[in-house]
Amino acid sequence: MHSKEMLRFIAESLVDQTDKVQINEVQGERALVLELQVADEDMGKVIGRNGRVIQAIRTVSKAAAIRDGKKIHVEVVD
Amino acid sequence: MRSVEKTGRTVEEAIQEALNELGIERDEAEIVVLEEGSKGLFGLLRGRSARVRVGLKADLAAAKSGDRSATAASEEEARRLDDLRNAAIERGREFLVGVLERLGITAGIEIREDDDIVYMNVTGADLGILIGRKGQTLDSVQYLVNIVANRQGGVRVRIVIDAEGYRERREQFLRGLAMRMAERVRRRGRRVVLEPMSALERRVVHMALKDEEDLTTFSEGKEPYRRVVIVRKRPLVRDENV
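Residues numbered from 1 in each chain as written. Chains lettered and ligands numbered in written order. Predicted model: local features only at pLDDT ≥ 70, side-chain atom pairs only at ≥ 80, totals over all residues. Heavy atoms only, no water.

> Hey, could you run me through the interface of chain A and chain B in this one?
Where interface size is given, it is often the accessible area lost as the parts come together that is meant. Each side of the interface is counted separately: chain A has 20 residues, and chain B has 18 residues. Of all residues in chain A, Phe9, Leu14 and Arg67 of chain A bury the most surface against chain B, accounting for 30% of the area lost on that side. If you look at where chain A meets chain B, you find two salt bridges. Among the ionic pairs, Asp16 of chain A bridges to Arg151 of chain B, the shortest N-O distance being 3.3 Å. Where chain A meets chain B, there are five residue pairs in polar contact (both at pLDDT 80 or more). The element that contributes the greatest number of residues to the side of chain A that touches chain B is helix H3 (residues 52–68) of chain A, accounting for ten residues. (Contact = heavy atoms within 4.5 Å. Buried area = accessible area lost by both parts, 1.4 Å probe. Salt bridge = Lys/Arg side-chain N within 4 Å of Asp/Glu carboxyl O. Polar contact = N/O pair within 3.5 Å; in protein donor to acceptor, adjacent residues only side chain to side chain. Helix = DSSP H or I, 4+ residues; strand = E, 2+ residues; numbered from the N terminus.)

> Sorry, what's going on with the packing of aromatic side chains here?
Aromatic ring pairs are reported here in terms of the distance separating the ring centres and the angle at which the planes meet. In the structure shown here, the tally under the stated rule is one aromatic pair over all chains. Over the aromatic face of Tyr119 of chain B sits the side chain of Arg112 of chain B, whose NZ or CZ is 4.4 Å from the ring centroid. (Phe/Tyr/Trp six-rings, centres within 6.5 Å; stacked < 30°, edge-to-face > 60°. Lys NZ or Arg CZ within 6 Å of the ring centre and 35° of its normal.)

> What should I look at first to understand the nonpolar core in this one?
Side chains of a nonpolar character, in soluble globular proteins, are inclined to be buried together. In terms of nonpolar packing, the biggest core is built from 51 residues, with Ile57 of chain A together with Leu103, Leu130 and Leu144 of chain B touching the most fellow members. Sorting elements by how many residues they give to this core places H3 of chain A first, with eight residues. Not counting the four nearest positions on each side in its chain, Leu144 of chain B is found in contact with Ile10, Leu14, Val53, Ala56, Ile57 and Val60 of chain A together with Phe95 of chain B. If you look at the next biggest cluster of nonpolar residues, it comprises 16 residues, including Leu174, Val185, Val204 and Ile230 of chain B. (Core = buried A, V, L, I, M, F, W, Y, C linked by side-chain atoms within 4.5 Å. Buried < 20%, exposed > 50% of the residue type's maximum accessible area, 1.4 Å probe, protein only.)

> Can you help me understand the environment of Met120 of chain B in this one?
Residues and elements named next belong to chain B. Tracing the sequence through the fold places Met120 in strand S5 (residues 117–123). You can call Met120 buried: its relative accessible area is 0%. It is 8.0 Å that separates the C-alpha atoms of Met120 and Arg93, two residues lying 27 residues apart in sequence. Every residue in contact with Met120, bar those within four places of it in the chain, is listed here: Ile89, Gly92, Arg93, Leu96, Ile109, Glu110, Ile111, Ile159, Val160, Ile161 and Asp162.

> What am I meant to see in the packing of helix H1 (residues 2–14) of chain A against H3 of chain A here?
A pair of packed helices can be characterised by two numbers: the angle between their axes and the separation between those axes. Residues and elements named next belong to chain A. At a minimum axis distance of 7 Å, the contact between H1 and H3 shows a crossing angle of 150°. Taken together, the axes of H1 and H3 are roughly antiparallel relative to one another. Handedness of the crossing formed by H1 with H3: right-handed. Of the residues in H3, those in contact with His2, Ser3, Met6, Leu7, Ile10 and Leu14 of H1 are Val53, Ile57, Val60, Ser61, Ala64, Ala65, Arg67 and Asp68. A breakdown of the residues in the contact of H1 with H3 according to their chemical character gives nine nonpolar, three polar and two charged. (Axes fitted to C-alpha atoms, helices over the stretch in contact; angles between N-to-C directions. Parallel < 35°, antiparallel > 145°, perpendicular 65-115°, else oblique. Left-handed = near helix turned anticlockwise from the far one by under 90°. Nonpolar A, V, L, I, M, F, W, Y, C, P; charged D, E, K, R; others polar.)

> So what exactly am I meant to see when it comes to the sheet that holds S5 of chain B here?
In a beta sheet, neighbouring strands are held together by backbone hydrogen bonds and run either parallel or antiparallel to one another. All names here are of chain B. In space, the three strands of this open sheet follow the order S4-S5-S6, with mixed pairing throughout. Sheet topology places strand S4 (108–114) and strand S6 (158–163) at the edges, where each strand pairs with a single neighbour. Each strand axis lies, on average, 20° off the axis of its neighbour in the sheet, ignoring direction. As judged from the six bridges shared by S5 and S6, these two strands associate in the parallel manner. By the bridge assignment, Val118 is partnered in S6 with Ile159. (Pairing = 2+ DSSP bridges.)

As structure tokens, this is what we get:
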């Protein structure tokens, strides 16, 4: 799935502990939810001040989702 | 990195002053005592003051090798910064390539530098998916590329990502829009509120109208619905008009 691939690529480019990046797919009511998990120390790097980074991650992942023909939603979970 | 020479009553004082000026710690510093200094005799004769030269360790190492030491050291420093900068640009470019791949875009990237800003223009067909609605995807990609490029410290590069000149065209459109709306405000005397825009786009509008003396622009509302408002300046009330 292109959107999941994209999400993984971006997350791994931002964090220190790339081996701790995990993405789970959960089928939501309106969209496929991609749950992003990273090491505690890397949380700030994927969220960013005022959530700016995660917002950018969402936008770019959604662009990739257009190729999948799917609606997705990205959430960060701990 | 430069080195400084300082004098003081004692060697210790001179060193402290130099460290403060350079803003470095003692263990990072290479310290050369040029003159020990001596106390005056019972305070009657003036002592000689102490003189030291302090710099960053690596720089002074280069400085030992002769006369043009200072230039050699600064050239080396410039090269080091250049390498860091190029590495940062390369990290940004690689990340951009990765994003394009995953968007299914086969495109080229032209890179040019101007005024310390690095422009990466993506060239190819069907870049709509990269640009997104009102350039939102492009802005997000740009934001992330800058973070990835600057993740390792040392230098800061500013990277602007464009897609087939989209930003340039959009900027021209926004400037034209600003001018047309300004005319409308003048004709009808009422404020005009533009559609929501990103901070970068609002800036273009503000800049386009900053020299119009009879008008003022400001932004209102919360992100991401913040909009530019154009209004007529209230005419100055002069005494003879009262």
